[in-house]
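# Survey of secondary and tertiary structure
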Amino acid sequence: MPHWTVHLDGGPRRVNHAAALVGGHIFLFGGYCTGGNYSSLVPIDVYVLNTVQLRWTKLPNASDEEFTKKLVPYLRYGHSVVNYNELVYLWGGRNDNYGACREVFCYDTNTLKWSKPNTTGDAPFGRDGHSACLIEDEMYIFGGFTDGRIQCYSNTVFSLNLKEMEWRYINAKGEIPHWRDFHTAAANKHQMIVFGGRSDKSGQCYTNQEFYCNKLQVFNIQTKVWNAPATTGDVPIGRRSHSAVMYGGFMYMFGGYNDLTKTHFNDLYKLDLVNYEWSKVKTYGQTPRKRRRQCCIVVGDQVIMFGGTSPKDRVVHGGSDDENLMDLADLHILDFAPSLKTLCKVAVIQNRLDTSFLPIGIRWELKAMTTNNDISQPLEMPQG
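Residues numbered from 1 in each chain as written. Predicted model: local features only at pLDDT ≥ 70, side-chain atom pairs only at ≥ 80, totals over all residues. Heavy atoms only, no water.

### Focus on the overall build of the protein
Here is the rule: By definition, any uninterrupted DSSP run of H or I lasting at least four residues is a helix, any uninterrupted run of E lasting at least two residues is a strand, and each is numbered from the N terminus. For the radius of gyration, the atom set is restricted to C-alpha positions; the globular benchmark scales as 2.2 Å times the number of residues to the power 0.38. Relative accessibility decides the category of a residue: with a 1.4 Å probe and only protein chains considered, values under 20% of the type maximum give buried, values over 50% give exposed, and everything between is partly exposed. When checking whether two residues touch, look at their non-hydrogen atoms; a contact exists if any pair is within 4.5 Å. All accessible areas in this document rest on Shrake-Rupley with a 1.4 Å probe, and a residue is counted as covered only by the protein chains that are shown.
Within the protein one finds four helices and 36 strands. The C-alpha atoms of the protein give a radius of gyration of 21 Å, which matches the 21 Å a tight globule of 384 residues would have. Over its C-alpha atoms, taken along the principal directions, the protein stretches across nearly 65 × 55 × 45 Å. Considering the protein as a whole, with its 384 residues, one finds that 52% of them fall into the buried category. Taking contacts inside the protein between residues at least 6 apart in sequence as the whole, the part at least 24 apart equals 57%. Carbon and sulfur atoms provide 49% of the accessible area of the protein, an area that totals close to 17,400 Å².

Now the structure itself:
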């Protein structure tokens, strides 16, 4: 009985950001925010979320010296990160004036310092809107919009061995997916499960003939073969900028956008990875507003979702994205196994019941579930 149990606002306002779970903290890197400066080179910013108190903290900026030495990535969006032994590796993403990046950066979550490891091998061209999966000791990169000899979509697979820091182009076989960006890829044992994304009917180059495929694609890292298994059930419509996470042996997919139908989504689907059957999941609680470009991170039995872009309540016909979309600074929690205590707290909040008679500790937990975030201050215990 998945239940949306928490809705907070006041965190970093970001879209097309990237995040990784390290211990009990979520580290958020960069992303886009309407009105921000993405045409000059400034260091990427980093926020951390305490997943117990549900409070964001902005971490110190890198020094000018570190940035000048190019040890720190510049502010960007559409990039990817993976956590490997408490080191977060960042790759790709773009800046409005400086295009997509092909360098690898490493963030040490213990020292809070950046470094730029030396890599060897056949590195991919810079890109954004790609996917990154960590399987064993390797980060697998698929798809995206590249800044190669020409700007175009990609359908290639590269891997970076994080022990040897060696790139490798993978000569994949089988049912190669169409070129795409802003899809999702989830790691399942030795497989990379790919769904959705934006493609162009003409092929590799963008010609404004978008299509959104809902065919499932599976890449086996051992055989280097793609296949497209037949799916059954309630197959979701194709979309881009959605989220996909693994939990309990299933892949869950939330949200996204289809430009052909001009539709944002806030639905939740589950894919059985044994028989490849899709089912639409009924959830309880306060469902988040429709959105795309958000981040979703699994923490225990919960999915913590934050940020993204939603259509405004009043849309201007023919208006630009800046006129019709709003960047979000909210946080939601989807609990797959809510305890009776959690459900009782949700009932108290939803019905605005008197809490003055409750123990201080319970009132503190309720405050954590309802109070807007102050990213610079810890959550204080209620008095009395």
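### Re unusual backbone geometry
Here Lys-224, not a glycine, exhibits a phi torsion of approximately 65°, which is positive. Along the chain, Lys-224 falls in the loop between strand 24 (217–220) and strand 25 (225–227). Located in the positive-phi region is Arg-293, a residue other than glycine, with phi close to 65°. Within the secondary structure, Arg-293 sits in the loop between strand 31 (284–285) and strand 32 (295–299).

### So, the sheet that holds strand 3 (residues 25–29)
How we decide: Here, strands pair whenever DSSP counts at least two bridges between them. The axes are straight lines fitted to the C-alpha atoms, using for helices just the contacting stretch, and the angles between their N-to-C directions are given from 0 to 180°.
With respect to topology, four strands assemble into an open sheet ordered 2-3-4-5, the strand pairing being antiparallel. Looking along the sheet, the strands with just one partner apiece sit at the ends: strand 2 (18–22) and strand 5 (55–58). Across the sheet, the axes of successive neighbouring strands diverge by a mean angle of 25°, strand direction being ignored. One ladder, built from four bridges, connects strand 4 (residues 46–50) with strand 5; its direction is antiparallel. Residue pairing across strands places Leu-49 opposite Trp-56, the latter belonging to strand 5.

### Focus on the nonpolar core
Heads up, the condition is: Side-chain atoms within 4.5 Å are what join buried Ala, Val, Leu, Ile, Met, Phe, Trp, Tyr and Cys residues into a set we call a nonpolar core.
Membership of the largest hydrophobic core comes to 24 residues, with the highest contact counts inside it found for Phe-27, Phe-29, Tyr-107 and Trp-114. Counting only elements with at least two residues in this core, the list comes to strand 2, strand 3, strand 4, strand 6 (77–84), strand 7 (87–95) and strand 9 (104–108). Looking at this core element by element, the count peaks at three residues for strand 2. The next biggest cluster of nonpolar side chains, apart from the first, holds 18 residues, and it includes Tyr-47, Val-299, Val-346 and Met-369.

### Things to note about the sheet that holds strand 16 (residues 151–153)
Reading across from one edge, 12-15-16 is the order of the three strands in this open sheet, with antiparallel pairing throughout. Two strands bound the open sheet, and with one partner strand each, they are strand 12 (127–128) and strand 16. Sheet topology places strand 15 (residues 145–147) next to strand 16; three bridges connect them, and they run antiparallel. Its bridge partner being in strand 16, Thr-146 is matched across the sheet by Cys-152.

Honestly, that's just the spatial picture; any functional story needs more than this.
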